[in-house]
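Observations on the model geometry
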Amino acid sequence: MILSGVIMKVVRFFCVAISLLACMAVSGVSSRAQNSSPTERYLGISGKQKPAAPLLAPQDLKDHVVNGKLVLSLDDCIRLALSYNTDIRLDHYQIDTAVNNLQRVYAPFDPLLTSSFTDQRNKTPTSTQLSGASILNELTQQTQIGYSQTFQTGTNFQGSLIADKTSTNSSFNTLNPATATTLQFSVTQPLLRNFGLFPNRAPILIAQRNLKQARASFLGEVGDIIQQIVGNYWNVVLAREVLAVQQKSLDEAQKSYDHDKKALSLGALPPLDIYRSESQVASRRVGVIQAEYAVKQAEDQFRQGIAADIDPATRVLDLDLTDRPEPVGELLTIDIPTALARAVANRPELEAVHEQLAIDELSIRLAHNNLKPDLELSGFYLGNGLNGYQPGVANTGIGTSLSQSFRFAFPAYGATLSLALPIKNHSAEANLADALVSRGHDQYQQRETNQSILLDVTSAVHALEAAKLGMEAAKVAVDLAKETLHADERKYALGTEQIFFVLDAQTQLAQAELNLIQSQVNFQVAVTQVDHATGDLLEHHHVQIVEPTK
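Now for a description of the structure that goes with this document. What you see is a predicted model, and the numbers here were worked out from it, not measured in a lab.

What counts and what doesn't
Residues numbered from 1 in each chain as written. Predicted model: local features only at pLDDT ≥ 70, side-chain atom pairs only at ≥ 80, totals over all residues. Heavy atoms only, no water. Helix = DSSP H or I, 4+ residues; strand = E, 2+ residues; numbered from the N terminus. Buried < 20%, exposed > 50% of the residue type's maximum accessible area, 1.4 Å probe, protein only. Core = buried A, V, L, I, M, F, W, Y, C linked by side-chain atoms within 4.5 Å. Contact = heavy atoms within 4.5 Å. Salt bridge = Lys/Arg side-chain N within 4 Å of Asp/Glu carboxyl O. Lys, Arg positive; Asp, Glu negative; His and termini not counted.

Concerning unusual backbone geometry
Despite not being glycine, Asn67 shows a phi value in the positive range, around 55°. Mapped onto the secondary structure, Asn67 falls in the loop between strand 1 (65-66) and strand 2 (69-72). On the basis of relative accessible area, Asn67 is assigned to the exposed category, the value being 78%. Non-glycine residue Ala307 carries a positive phi angle of around 65°. Counting through the fold element by element, Ala307 comes out in the loop between helix 6 (274-305) and helix 7 (312-315). On the basis of relative accessible area, Ala307 is assigned to the buried category, the value being 3%.

Here it is in structure tokens:
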């Protein structure tokens, strides 16, 4: 029993110890997750990495704050979006990446200068007198300087200067120490595969096309975002106008209800008739609440587009949008053929797909080049030099050896013609097949883009015409609704008509005013859609995309 008790105490001790070790391990893992490990610190990796500079909040928004409100026109919003919109900033990185790729493809033609120095000493026992010493002691020092460069014709040039200095205790060496130098030039020229400018410049041409494609794609994305900003702007204007109409309708219903309540107190109205006007007040108050929520939702989406939601100081400011939905001046008129011609000339999506097809053609030509046999002609020419210390003879040093090499006093030269003929080249054939498939895919992509642009143009022109007709009809409807309400109010005042007709006329007028505002906003949005479909949106708002020079 005593033994079993001791064993239980030992078991408890080990359990507690294991628990403590587990807690320490977990805490250690947690701390290492936040800081560098001891190994990293030992290797010189700092535990506190320098963070990236934080993104600055938009500064130009403060210039539009007037009397505690953010006063903005439509052009102001577009300018702010171009400067601070997060999506535009993200989309622009494709241009930066394409620029970097264009710089990268020049790497095979970068000249390379190399140098090295080697020092080596060997002591070896010998077994024959022909070694010149019982223990052969040799010191070898080599200095090498090299230069190499591949040109865009595929020609590879290499030049090197090698100086070797050796000293030994062997009695058979005539020069000790001895200095040997070699100046060598070699040229290698492909004759089939990679011959000429095209196969070597093809990656550069493709990178240039990719850059043009990235810029065209960026312009298209900027146009989409500007169209979105314009839509968000008019959505806020429309939501506020809807709220104003709903509030006006509520005020009219409240006025009718107050009149009926007064008439009821005087006995001029049956008790049951008061519920109709009271019900209209409650119903229209619900409409006002819904309109207020719609305004807040539209304003939040609008703030995000111009980055006004980033800074807490500007996020809470009320918006004062100065542009009105009523068209000013002559209304835009355009037919489908004219709009389609402008779209073909201006839409950046077409330029992007054209660049992609050009890239496909370059890739196909490059794939055909890679199917050719590899035939290369190389030649070299070098000059040797040698000098060293010889008893009884003056030692002029390394200068004599270098002079011999540069004068090619002891030349060597030669040429090599090599041929690599693959019996079967699956990789190159597959690459050619991929290039052909990519071209076929992009041809259909071009057709789809053309169809999409045609649909955009026709839809935008039809929407513009419908918006103009809708505005004219909405204006007439508002005028008739006002006359109808005025007539019903007079009839009700004279006691010849019930309150139902007055309330119904108020509802019809509110709906007619909403339809007019909606038609005006629809016209403004339709104009933007036409500009976007024809590729004139940036020019219409005086937007120019200028790439910074590097």
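Details of the nonpolar core
Ranked by size, the top nonpolar core spans 47 residues in total, and within it Leu72, Ile226, Tyr233, Phe302 and Leu321 carry the most contacts. Of all the secondary-structure elements, those providing two or more residues to this core are strand 2, helix 3 (74-84), helix 4 (86-104), helix 5 (197-265), helix 6, strand 7 (318-321), helix 12 (499-534) and helix 13 (537-540). Look past the residues within four positions of Tyr233 in its chain and what remains in contact with it is Leu72, Ser73, Leu74, Cys77, Phe302, Leu321, Thr322 and Asp323.

Description of the pattern of salt bridges
Pairing between side chains of opposite charge can happen when the charged atoms of each approach one another. The full count for this structure, using the stated rule, is 12 salt bridges. The residue Asp536 makes a salt bridge to Arg342 at a minimum N-O spacing of 2.6 Å. Placement of the pair is Asp536 in the loop between helix 12 and helix 13 and Arg342 in helix 8 (residues 336-346), with a sequence separation of 194 residues. Two residues, Arg347 and Glu349, come together in a salt bridge whose shortest N-O distance is 3.0 Å. Owing to a relative accessible area of 6%, Arg347 belongs among the buried residues under this scheme.

So, the side chain of Asp531
Looking at the secondary structure, you find Asp531 in helix 12. Buried charge without a partner: Asp531 forms no salt bridge, and the closest opposite charge is Arg342, 7.4 Å away. Setting aside chain neighbours within four positions, we find Asp531 in contact with Asp536, Leu537 and His540.

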